[in-house]
Amino acid sequence: MKRRNKGRKIYKTKEKNYYGKSPVGKILSGALTVLLIGGIGFLGYSLAEPIVNYTQHKGDEPEATEPPTTEAAETSEVSTEAVTETVTKPVKESFYTAVALKTADMASVESLRSALAAVPKNEAEYIELPLKVSGGGIYYASSVLEAQTAIRSELNLSDIVKEVEKSGFKPAAVISVFHDSIMPEAYPEGGYVLSDGSSQWKDGSGKQWTTPYSQRALDYNANIVAELTSAGFEQIICSDLIFPDFSESDLEVLDPVLGQNDRCIALTSAANLLYDKAFSGGASMQIEVSAEDILKGKADVLQPMLLTSGNIILNIDLDKLSSGISDGNTVYEFSGTHVENIEKCLDLVNDKLVGFNAAIRISGASLDKGELAEAKEAISDYGCKAYVIG
């Protein structure tokens, strides 16, 4: 995210003048100058043709060596002004705007239709649909092999796309990439394994996660993206490109690479793979990161020099902010109004958004329509015109 440009400072320096040459010195200086100019002219004439011939590409027409006339120069000046005028015509900017639906809206065609009818027509351009959620649940009838045990809705992708477009919006799919405890249960090679190979690693709540170091986990998510783009989704939003919260004791029994700073490369490589898969299917891909993960220092994927996609969505979950966030050393408290908390959060994470085109998502189960409208206005006042509500 970029703040407004305050302009560049221009510094000027004065040229130095040198005095004190004698008349004889001036004469000798003048003679040497004439000889030097003559020598440069001779060398330039001798070398110009071979240099031009060497640098000219085969098939290029030789350039005219005669200086342009005053008339031609005037014509050239007029042409330049005309071109400049054409280039600087105002262009309509396009920003990603969306409303996010919930998993309950994906239960049937009727529930989806009802949710879409409740969205004001001028609210956004896209509808974000939660099709693979945190935990691993799949909310459509996927044909991908690894998804079969995770399917939680029998909605067909063709019906989803048709209903969204019929309601006047464009479809965007949201998929959770690595916060998935279902896939590694059926396919252990997709999850984290203890370094001695004895068993699967599980988090503090007893859940497994898929890992970016597993080719099967990568292929699974890539096949999901391919399935969605083939169905007509124009935007793919990839969330949970993260590692679990490993404790010190976890890192002692896991692969040492998980405790190293360059582990971010595994996440950025996965993001680039999914970007390429979406792009080849005619869709765009964005990375969603949560403000909570940034404040906790978990947003390893935010590496602008390593990512193909420069588009991200910052998810500010106001429910999570209200209970405070700790990175282990600092506790960030958000005790103000929703608008005040949004502004404080943006100020805290802004440096991590440099180098990206960021849209702001405002989420939270406790928000009513009035509070969502205020939140939307707050991010607009902050200078961000791209947003996701819900």
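Please refer to the structure placed before this passage.
This report concerns the structure included in the present document. (Residues numbered from 1 in each chain as written. Predicted model: local features only at pLDDT ≥ 70, side-chain atom pairs only at ≥ 80, totals over all residues. Heavy atoms only, no water.)

**Examining the nonpolar core**
Core analysis: the biggest nonpolar cluster contains 94 residues, and Ile160 and Ile316 have the highest contact counts within it. Beyond its immediate sequence surroundings of up to four residues, isoleucine 160 is in contact with Met106, Leu112, Leu129, Leu131, Tyr140, Leu155 and Phe233. (Core = buried A, V, L, I, M, F, W, Y, C linked by side-chain atoms within 4.5 Å. Buried < 20%, exposed > 50% of the residue type's maximum accessible area, 1.4 Å probe, protein only. Contact = heavy atoms within 4.5 Å.)

**Comments concerning unusual backbone geometry**
You will see that aspartate 240, though not glycine, has its phi angle at about 55°, which is positive. Along the polypeptide, aspartate 240 turns up in the loop between β4 (235-239) and α7 (248-253). (Helix = DSSP H or I, 4+ residues; strand = E, 2+ residues; numbered from the N terminus.)

**What to know about the packing of aromatic side chains**
The geometry of two aromatic rings is summed up by the distance between their centres and the angle between their planes. Considering all chains together, one arrives at six aromatic pairs under this definition. Relative to phenylalanine 246, the ring of tryptophan 201 lies with its centre 5.0 Å away and its plane at 65°, an arrangement referred to as edge-to-face. Linking tryptophan 201 in the loop between α5 (183-186) and α6 (215-231) with phenylalanine 246 in the loop between β4 and α7, this pair joins segments that are 45 residues apart in sequence. Grouping residues by exposure puts tryptophan 201 and phenylalanine 246 together as buried. One aromatic cluster in this structure is built from Tyr192, Trp201 and Phe246. Against the face of phenylalanine 334 rests lysine 344, its NZ or CZ located 5.1 Å from the ring centre. (Phe/Tyr/Trp six-rings, centres within 6.5 Å; stacked < 30°, edge-to-face > 60°. Lys NZ or Arg CZ within 6 Å of the ring centre and 35° of its normal.)

**Observations concerning the sheet that holds strand β5 (residues 284-290)**
As summarised here, the arrangement of the eight strands in space is β1-β2-β3-β4-β5-β6-β9-β10, forming a closed barrel in which the pairing is parallel. The average angle at which neighbouring strand axes cross in this sheet is 30°, direction not considered. Bridging between strand β1 (residues 97-100) and strand β10 (residues 387-389) involves three bridges; their strand directions are parallel. In the sheet register, alanine 98 faces β10, and the bridge partner there is valine 388. (Pairing = 2+ DSSP bridges. Axes fitted to C-alpha atoms, helices over the stretch in contact; angles between N-to-C directions.)

**Looking at helix α4 (residues 157-166)**
Every buried residue of α4 is listed here: Leu157, Ile160, Val161, Glu163 and Val164. Mapping the buried residues of α4 onto a view down its axis gives an arc of 165°, with all of them on the same face. If you follow the buried residues of α4, they end up packed against α3 (109-117), β2 (126-132), β3 (170-176) and α6. Following α4 by one or two positions, glycine 168 has its phi on the positive side, about 95°. (Arc of directions from axis to C-beta.)

**Focus on the side chain of serine 181**
By the secondary structure assignment, serine 181 is in the loop between β3 and α5. Setting aside residues up to four positions removed in sequence, serine 181 forms contacts with Gly135, Lys207 and Gln208.

**Notes on a negative patch on the surface**
Together, Glu340, Glu343, Asp368, Glu374, Glu377 and Asp381 line one region of the surface with negative charge. Those elements giving two or more residues to the negative patch turn out to be α11 (338-349) and α12 (369-381). Considering each element in turn, the negative patch owes the most residues, three residues, to α12. Within the secondary structure layout, glutamate 340 lies in helix α11. (Patch = residues over 30% accessible without salt bridge, like charges linked within 9 Å, V, L, I, M, F, W, Y side chains within 5 Å. Areas by Shrake-Rupley, 256 points an atom, 1.4 Å probe, with all protein chains shown as cover. Salt bridge = Lys/Arg side-chain N within 4 Å of Asp/Glu carboxyl O. Lys, Arg positive; Asp, Glu negative; His and termini not counted. Charge placed at Lys NZ, Arg CZ, Asp CG, Glu CD.)

**Focus on the layout of surface pockets**
Quantified by volume, the largest pocket comes out at close to 910 Å³. Lining the largest pocket are 38 residues, with Ser134, Asp240, Glu288, Asn315 and Arg361 positioned closest to its centre. Mapped by element, the contributors of at least two residues to the lining of the largest pocket are β2, β3, β5, α9 (291-295), β6 (311-317) and β9 (357-363). It is β2 that contributes the most residues to the lining of the largest pocket, five residues altogether. (1 Å grid on protein atoms, 1.4 Å probe; cavity = no way out; pocket = protein on both sides within 12 Å on 5 of 7 lines; lining within 4 Å. Points joined across faces, edges and corners; volume = space filled by probe spheres on them.)

**Concerning the pairing of β3**
Where burial is concerned, most of β3 is hidden: six out of the seven residues are buried. Two elements, β2 and β3, share six bridges in a ladder whose sense is parallel. By the bridge assignment, lysine 132 is partnered in β3 with isoleucine 175. Each parallel crossover has a hand, and the one from β2 via α4 to β3 is right-handed. In this sheet, β4 lies alongside β3 in parallel orientation, the contact comprising five bridges. Residue pairing across strands places serine 176 opposite serine 239, the latter belonging to β4. (Right-handed = clockwise from strand over helix to strand, strands pointing away.)

**Side note on the packing of α11 against α12**
Running from N to C, α11 and α12 point in directions that differ by 35°, and their axes come no closer than 9 Å. At the point where α11 passes α12, the crossing takes the right-handed sense. Residues His338, Val339, Ile342 and Leu346 of α11 touch α12, and the partners they reach there are Glu371, Glu374, Ala375, Ala378 and Ile379. Its residues assigned to classes, the contact of α11 with α12 shows six nonpolar, one polar and two charged. (Left-handed = near helix turned anticlockwise from the far one by under 90°. Nonpolar A, V, L, I, M, F, W, Y, C, P; charged D, E, K, R; others polar.)

**Points about the environment of glutamine 303**
By the element assignment, glutamine 303 lies in the loop between α9 and β6. Beyond its immediate stretch of four places on either side in the chain, glutamine 303 contacts Cys264, Thr268 and Phe356.

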